[in-house]
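Fold and geometry: a report
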Amino acid sequence: MKNNKKLLWRTVLVISLVGCICCLGFVAWYLYQDYREQKAYEQLQEDVDESTTEFDGETEGEAAELPDGVFLDLENPIDFDLLADINTDIYAWIRISDTSIDYPIAQREGDDAYYLSHDMYQESRFAGCIYTEEANSKDFTDPNTVIYGHNMRNGSMFQNLHYFEDATFFDEHPYVYIYTPEHVLVYEVFASYSYDNRHILNSFDFSDEEVYAQYLEDILNVRSMDKNIRDDVTVTTEDTIITLSTCIGGDSDARYLVQAVLIKDESDE
């Protein structure tokens, strides 16, 4: 009887140890994949960036001056020929200064969820890729272009959007740059806040001017403890905006949004 009990406990112990080893192995594999993915994006950032100076939101070359005296970089530093060789789904690039957000934007024809789980090389990866859905055109002329990215624990993808929860960071980082092969688009951040997880493009008909006007009004009145609004920026139905969307850790029913309005479109054509 005692021998049977000892055998049972040994069996349980062995199974427990094997389970722990498997769990540790999975965690190590996950962290390695996370690390490798981030390094791949960092290498891509170096490869496609044709600029000779570090991006800091300012420039000594071609620039546009805003009324507040800020000069905005209008050089297009992205090598889109190289990106096309990597993945023809990539059609734009997004940058926000003082964040790790410096990524290609992709859109998959016929499969809006593809880049939730595939990277820029079209390989299966948990981190996915920054992407838009087919409901949005690729020229950023829609009233509201929604751009998605995962909230990764290592600070990659769109995790750094959460920096905008801090009022000081929000105030000091007003600009989002989006590059396309023909355009440099400069956006000014006017709102950031926690929201529910509704599908924005399916929930609002932005082609209806009244719906769009009400949506913009509702942004000002949204109930969110972490809401930040740039009071000196007026957004109307004549404007086009982008909505950057990511998850909120521990709350699958919520999303964190950063919204910005187009203030400059520099064409290379």
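Scroll up for the structure.
What counts as what
Residues numbered from 1 in each chain as written. Predicted model: local features only at pLDDT ≥ 70, side-chain atom pairs only at ≥ 80, totals over all residues. Heavy atoms only, no water. Salt bridge = Lys/Arg side-chain N within 4 Å of Asp/Glu carboxyl O. Helix = DSSP H or I, 4+ residues; strand = E, 2+ residues; numbered from the N terminus. Buried < 20%, exposed > 50% of the residue type's maximum accessible area, 1.4 Å probe, protein only. Phe/Tyr/Trp six-rings, centres within 6.5 Å; stacked < 30°, edge-to-face > 60°. Lys NZ or Arg CZ within 6 Å of the ring centre and 35° of its normal.

Turning to the pattern of salt bridges, a few remarks are in order. Oppositely charged side chains are able to pair whenever their charged atoms sit close together. This structure, assessed with the given rule, holds 4 salt bridges. Its salt-bridge partner being Asp 89, residue Arg 108 comes within 2.8 Å of it at the nearest N-O pair. Of this pair, Arg 108 sits in the loop between strand 4 (102-106) and strand 5 (130-131) while Asp 89 sits in the loop between helix 2 (80-86) and strand 3 (90-95), and the two are 19 residues apart along the sequence. Between Arg 125 and Glu 123 there is a salt bridge; the shortest N-O distance is 2.9 Å. Look at Glu 123 and you get partly exposed, because its relative accessible area is 39%.

The final tally for this structure, using the stated rule, is 12 aromatic pairs. Centre to centre, the rings of Tyr 177 and Tyr 179 are 6.0 Å apart; their planes meet at 25 degrees, and the pair counts as stacked. One exposure class covers both Tyr 177 and Tyr 179, and it is buried. A connected cluster of aromatic rings, assembled from ring pairs, spans Tyr 163, Phe 164, Phe 169 and Phe 170. Here Arg 108 stacks its cationic end above the ring of Tyr 114, 4.1 Å away from the centre of that ring. Taking the ring centre of Phe 170 as reference, the NZ or CZ of Arg 230 above it sits at 4.4 Å.

Glancing now at unusual backbone geometry. Here the phi dihedral of Gln 122 falls at roughly 65 degrees; this positive angle occurs in a residue that is not glycine. Secondary-structure assignment places Gln 122 in the loop between strand 4 and strand 5. Given a relative accessible area of 31%, Gln 122 falls into the partly exposed group. We note that Phe 140 has phi near 60 degrees; this positive angle belongs to a residue other than glycine. For Phe 140, the position within the fold is in the loop between strand 5 and strand 6 (144-148). Judged by its relative accessible area of 4%, Phe 140 is buried.

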